Amino acid sequence: EAGVTQFPSHSVIEKGQTVTLRCDPISGHDNLYWYRRVMGKEIKFLLHFVKESKQDESGMPNNRFLAERTGGTYSTLKVQPAELEDSGVYFCASSHGSVTEAFFGQGTRLTVV
Amino acid sequence: AQSVSQHNHHVILSEAASLELGCNYSYGGTVNLFWYVQYPGQHLQLLLKYFSGDPLVKGIKGFEAEFIKSKFSFNLRKPSVQWSDTAEYFCAVYSGGGADGLTFGKGTHLIIQP
C-alpha cells in the first residue's frame with residue numbers, strides 16, 4: 001500500500017513568489033491534514049479536510065495560504081505571495097477515521113529567500 | 001490551549017547506551033499520547049501511542065513509553081540504542097477538543113555515535 005506522498009520534497013523560492021505544495025493521501029482516506037514546522041519550533045496543525053470540505057482551518061496562519069482538495073483526493077497548499085517566515089517543513093497526513101490513526105508523509109521543505 | 005514540552009532538543013549518545021527522552025503536556029483532561037520518529041529523508045512515522053489501559057506502552061524497534069498521569073508525562077525509553085536510532089523524535093498529544101489536529105512538541109534530535 002502506498003503511503004502519503006508529498007511533492008516536491010524541497011522547494012526554494014524568492015520572497016513574493018508563489019509556491020504550490022501537493023499531498024497525495026493514502027487511497028480511501030477521507031481525512032487529510034496539513035501541518036507546518038518552522039525551524040526550531042513545534043509541528044503545528046494548519047487544517048483538516050474531510051473529503052473536499054474544510055473541517056477545521058483554525059491553524060492557517062493568514063490569507064496568503066490557500067488549501068484545496070478538489071474531488072476529495074489529493075490536496076494542494078498554495079502560498080501566495082511567500083514571505084521569509086513561511087520557510088519550514090510542511091507535513092501532510094491522512095486517515096480513514098480519527099486523526100489519532102493518521103499516517104504522515106515525508107514533508108516538503110520550503111525555503112523562502 | 002494545550003502544549004507539549006520536550007526537555008532535550010539535542011541528545012548525543014554512544015551505541016548501547018540507554019535512552020530516555022522527556023515529554024510533558026499541559027492538558028488536564030483525557031488525552032491520547034504519541035511518539036513519532038523521523039529518520040533522515042523519511043516520512044514521519046508512529047513509534048507508539050497511549051489511549052488507555054496499561055500506562056507502560058511498547059512500540060516498534062524496542063521503544064517503550066510510560067504514561068504518568070500525576071506528572072503529565074509520557075517519557076520515551078530504550079534500554080540500548082543503536083546507530084540506526086539516529087533521528088528526530090516528536091512527542092504529541094490529542095485531547096479531542098479544540099483543533100482537529102495533534103499538538104506536537106519541538107522535537108528531540110538524537111545522534112547515536114558508533
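Residue positions within a chain follow its written sequence, with the count starting from 1. Chains carry letters and ligands carry numbers; both start at the beginning, A for chains and 1 for ligands, and go up in the order they are written. Whole-chain, interface and lining totals are the exception, using all residues; otherwise, since this is a predicted model, local features are given only for residues with pLDDT of at least 70 and side-chain atom pairs are given and counted only at 80 or more. Calculation of side-chain values draws on the structure's entire complement of heavy atoms; hydrogens and water are dropped beforehand.

Chemist: I keep staring at the pairing of strand S8 (residues 75-79) of chain A and nothing clicks. Help me out?
Modeler: Regular strands place their side chains on alternate faces of the sheet. All names here are of chain A. Accessibility here uses a 1.4 Å probe with only protein chains present; expressed as a share of the type maximum, an area under 20% marks a residue as buried, one over 50% as exposed, and anything in between as partly exposed. What counts as a helix is a DSSP run of H or I of at least four residues, what counts as a strand is a run of E of at least two, and both are numbered from the N terminus. Where burial is concerned, most of S8 is hidden: four out of the five residues are buried. DSSP-based pairing: two strands are paired if at least 2 bridges between them are found. Of the pairings in the sheet, the one linking strand S3 (residues 19-24) to S8 comprises five bridges and is antiparallel in character. Pairing of valine 19 across the sheet is with valine 79, part of S8. The hairpin formed by strand S7 (residues 65-68) and S8 contains six residues between the paired strands, and glycine 71 there has a positive phi angle of roughly 75°.

Chemist: What exactly am I supposed to notice about the interface of chain A and chain B here?
Modeler: Contacts between residues were defined by any pair of non-hydrogen atoms, one from each residue, lying within 4.5 Å. Opposite the 20 residues of chain A that make contact, chain B presents 21 residues. Simply put, the buried area is the total loss of 1.4 Å probe accessible area from both parts when two parts are fitted together. If you sort the residues of chain A by the area they bury against chain B, Ile43(A), Thr100(A) and Phe104(A) come out on top, with a joint share of 34%. A side-chain nitrogen of Lys or Arg and a carboxyl oxygen of Asp or Glu constitute a salt bridge if their distance falls within 4 Å. Across the contact surface, chain A and chain B share two salt bridges. One salt bridge connects Lys49(B) with Glu101(A), and the closest N-O pair in it is separated by 3.1 Å. For the side of chain A that touches chain B, the secondary structure elements donating two or more residues are strand S4 (31-37), strand S5 (43-50) and strand S6 (53-56) of chain A. Classification used: nonpolar for Ala, Val, Leu, Ile, Met, Phe, Trp, Tyr, Cys and Pro, charged for Asp, Glu, Lys and Arg, polar for all others including Gly. Tallied by class, residues from the side of chain A that touches chain B come to eight nonpolar, seven polar and five charged.

Chemist: Sorry, what's going on with unusual backbone geometry here?
Modeler: Negative phi is the rule for most residues except glycine; trans is the rule for most peptide bonds. A cis amide bond links Phe7(A) with the next residue in sequence, Pro8(A), at an omega value of -15°. Relative to the helices and strands, Pro8(A) is located in the loop between strand S1 (5-7) and strand S2 (10-13). Of note, the bond from Gln80(A) into Pro81(A) is cis; its omega dihedral lies within 30 degrees of zero at -10°. One non-glycine residue with positive phi stands out, namely Ala16(B), at about 80°.

The values reported here are purely geometric and, on their own, carry no functional implication.
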